[in-house]
Amino acid sequence: SQYSAVDTNPLSVYIMQPIWNEIIKIVPLWIAPNLLTFSGFVMILVNYFLISFYDWDYTASGTSPGLVPTWVWLFSAFTTFCAYALDSIDGKHARRTQSSTPLGELFDHGLDSWATSIFVLSFFSVCSRDNGKTGVSVYTMYIYLSIVLFNFMCSHWEKYNTGVLFLPWGYDISQVVLIAAYLLTGAVGVEVWQKPFLFGYYITDALVILLIGFSLFLSFPQTLYNIHRAHLKKTLKNDSLYEGLLPLVSPLLLFILLTVWVVLSPGNILARQPRLFLWMVGVAFSNVICKVIICQMSSTRPELFHWFLFPLALVVYAAISGLLGWTEEVVLAVFTALVTAAHVHYGVCVGRQLSEHLNIYIFSLKKRVQE
């Protein structure tokens with residue numbers, strides 16, 4: 001199917017696109033577009049692990065002065081900008097080198113589905129977790145992450161039904177806000193997040209309100225409107241309501257299971273291991289959404305229950321029934337490692353199958369030699 005995306009965001013159209021059009025001129029024509037996509041993702045990962053090293057439990061910024069060196073925040077701003085730029089020019093570069101393929105589209109959206117959570121998890125280090133005075137509670141972090149992932153899911157669910165990806169306005173705005181937040185933290189120090197800046201509200205409160213406002217009052221209604229319009233025009237990909245709603249079943253069940261674990265955990269798992277737990281949420285979500293993206297691209301039907309849900313249900317049951325006892329954190333760590341390994345393995349397998357099927361290399365513009 002032909003890839004089609006619509007971008008109507010003024011920030012993107014009038015400010016960012018002209019910048020990307022200049023940057024792309026520097027990229028050599030022999031570089032594969034997927035290499036740009038992947039480099040951006042690697043930068044996000046490196047940045048995330050660097051921040052995790054200085055701030056494993058999200059408390060470093062709650063102390064004054066903060067425990068994270070200034071250069072780390074500046075490095076965060078730099079890597080976020082580079083990843084944003086690379087993610088924005090990979091498609092342009094593919095058209096420029098006439099190498100647009102379904103593999104490139106999947107690679108781009110698949111990595112985006114994972115990067116989305118990593119951006120959010122890195123940002124939490126800026127505002128730090130609640131220490132009684134300032135910061136954000138780990139439960140707010142979980143809800144915040146869920147809303148961002150819900151937004152991401154909506155735009156791909158919409159594409160599954162309409163065949164068109166309407167790029168959410170929130171994307172460009174969130175990237176610019178992230179870069180500004182890192183620069184601000186690098187310039188002024190984490191103290192800026194610990195002082196009320198308007199009517200007794202903190203900057204973090206404003207950002208949370210903005211996020212929720214954007215999601216619930218802009219993105220989600222827009223998604224429903226676009227699907228409704230396609231329905232009126234009779235251009236919907238799926239005739240029945242059941243078919244149309246099918247991709248939402250697994251993500252919703254995933255969210256329900258995770259929330260049950262968070263709320264009913266005897267050892268208060270989210271408060272004990274916020275970084276591990278939230279990472280696992282992001283990876284599990286990414287795998288579920290990758291399946292939807294593949295179904296939408298290949299016009300196949302997603303299965304009702306993603307296989308992740310079964311082991312997760314077992315773990316959640318064992319945890320909340322008290323079976324795990326003190327091993328709950330250990331089990332979370334093992335489960336997180338397995339989920340991450342399974343997701344990487346899945347990505348590698350799909351990439352290899354597509355590259356063989358389409359007779360192309362993932363990271364090179366040379367054609368494969370037919371055996």
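Our subject is the structure that appears above.
These numbers were taken from a predicted model, which means no experiment stands behind them. (Residues numbered from 1 in each chain as written. Predicted model: local features only at pLDDT ≥ 70, side-chain atom pairs only at ≥ 80, totals over all residues. Heavy atoms only, no water.)

Enquirer: I keep staring at the overall build of the chain and nothing clicks. Help me out?
Expert: Scanning the chain from N- to C-terminus turns up 12 helices and two strands. Along the chain direction, N to C, the helices and strands of the chain fall in the order β-α-α-α-α-α-β-α-α-α-α-α-α-α. A globule of 371 residues ought to have a C-alpha radius of gyration of about 21 Å, and the chain, at 21 Å, matches this closely. Taken along its principal axes, the extent of the C-alpha atoms in the chain is 60 × 50 × 45 Å. Out of the 371 residues in the chain, the part that is buried amounts to 51%. Accessible area for the chain stands at about 18,000 Å²; split by element, carbon and sulfur atoms hold 70% of it. Taking the average location of the 20 positive side-chain charges in the chain and that of its 21 negative ones, the two points are 6 Å from each other. (Helix = DSSP H or I, 4+ residues; strand = E, 2+ residues; numbered from the N terminus. Rg over C-alpha atoms; globule rule 2.2 N^0.38 Å. Buried < 20%, exposed > 50% of the residue type's maximum accessible area, 1.4 Å probe, protein only. Areas by Shrake-Rupley, 256 points an atom, 1.4 Å probe, with all protein chains shown as cover. Lys, Arg positive; Asp, Glu negative; His and termini not counted. Charge placed at Lys NZ, Arg CZ, Asp CG, Glu CD.)

Enquirer: Is there a simple way to think about the nonpolar core in this case?
Expert: Generally speaking, soluble globular proteins have nonpolar side chains that are buried together. Formed by 99 residues in total, the largest nonpolar core has its most connected members in Phe-123, Trp-261 and Phe-277. If we ignore the near neighbours within four places in the chain, the residues touching Phe-123 are Tyr-144, Leu-178, Ala-181, Tyr-182, Trp-193 and Leu-207. (Core = buried A, V, L, I, M, F, W, Y, C linked by side-chain atoms within 4.5 Å. Contact = heavy atoms within 4.5 Å.)

Enquirer: In this structure, what is going on with a nonpolar patch on the surface? I would like to understand it.
Expert: On the surface, a cluster of nonpolar side chains totalling about 470 Å² of accessible area is made up of Val-13, Tyr-14, Ile-15, Ile-19 and Phe-81. No other element matches helix H1 (residues 10-23), which puts four residues into the nonpolar patch. Mapping Tyr-14 onto the fold places it in helix H1. Among the residues examined, Tyr-14 registers a relative accessible area of 64% and is labelled exposed. (Patch = residues over 30% accessible without salt bridge, like charges linked within 9 Å, V, L, I, M, F, W, Y side chains within 5 Å. Salt bridge = Lys/Arg side-chain N within 4 Å of Asp/Glu carboxyl O.)

Enquirer: Would you mind going over the packing of helix H5 (residues 138-162) against helix H10 (residues 274-298) with me for this structure?
Expert: Packed helices, taken two at a time, are described by their axes: the angle between them and the distance between them. Packing of H5 against H10 leaves a shortest axis separation of 10 Å and a crossing angle of 5°. By the angle between their axes, H5 is roughly parallel relative to H10. Together, Val-138, Met-141, Tyr-142, Leu-145, Leu-149, Phe-152, Met-153, His-156, Lys-159 and Tyr-160 of H5 and Pro-274, Phe-277, Leu-278, Val-281, Gly-282, Phe-285, Ile-289, Val-292, Ile-293, Cys-295 and Gln-296 of H10 make up the contact between the two elements. Its residues placed into classes, the contact of H5 with H10 shows 17 nonpolar, three polar and one charged. (Axes fitted to C-alpha atoms, helices over the stretch in contact; angles between N-to-C directions. Parallel < 35°, antiparallel > 145°, perpendicular 65-115°, else oblique. Nonpolar A, V, L, I, M, F, W, Y, C, P; charged D, E, K, R; others polar.)

Enquirer: Just to check I follow, could you spell out the state of the cysteines for this structure?
Expert: Defined simply, a disulfide is a covalent bond joining two cysteines at their sulfur atoms. Inspection of the entire model under this criterion finds zero disulfides. There is no disulfide at Cys-349, and the cysteine sulfur nearest it, in Cys-290, is 13 Å away. The class of Cys-349 is partly exposed, set by a relative accessible area of 31%. (Disulfide = S-S within 2.5 Å.)

Enquirer: How should the packing of helix H2 (residues 33-54) against helix H3 (residues 70-96) be read in this particular structure?
Expert: Look at H2 against H3: their axes get within 8 Å of each other, and the N-to-C directions meet at 160°. In terms of axis orientation, H2 runs roughly antiparallel to H3. Considering the relative orientation of H2 and H3, their crossing is left-handed. (Left-handed = near helix turned anticlockwise from the far one by under 90°.)

Enquirer: What should I look at first to understand unusual backbone geometry in this one?
Expert: Peptide bonds are trans in most cases, and residues, glycine excluded, mostly fall at negative phi. The residue Ser-128 is not glycine, and still its phi comes out positive at about 60°. Along the chain, the position of Ser-128 falls in the loop between helix H4 (102-127) and H5. Its relative accessible area of 1% is what places Ser-128 among the buried residues. Phi at Lys-234 is positive, roughly 60°, even though this residue is not glycine. Looking at where Lys-234 falls in the secondary structure, it is placed in the loop between helix H7 (203-232) and helix H8 (241-264). On the accessibility criterion, Lys-234 (74% relative accessible area) is exposed.

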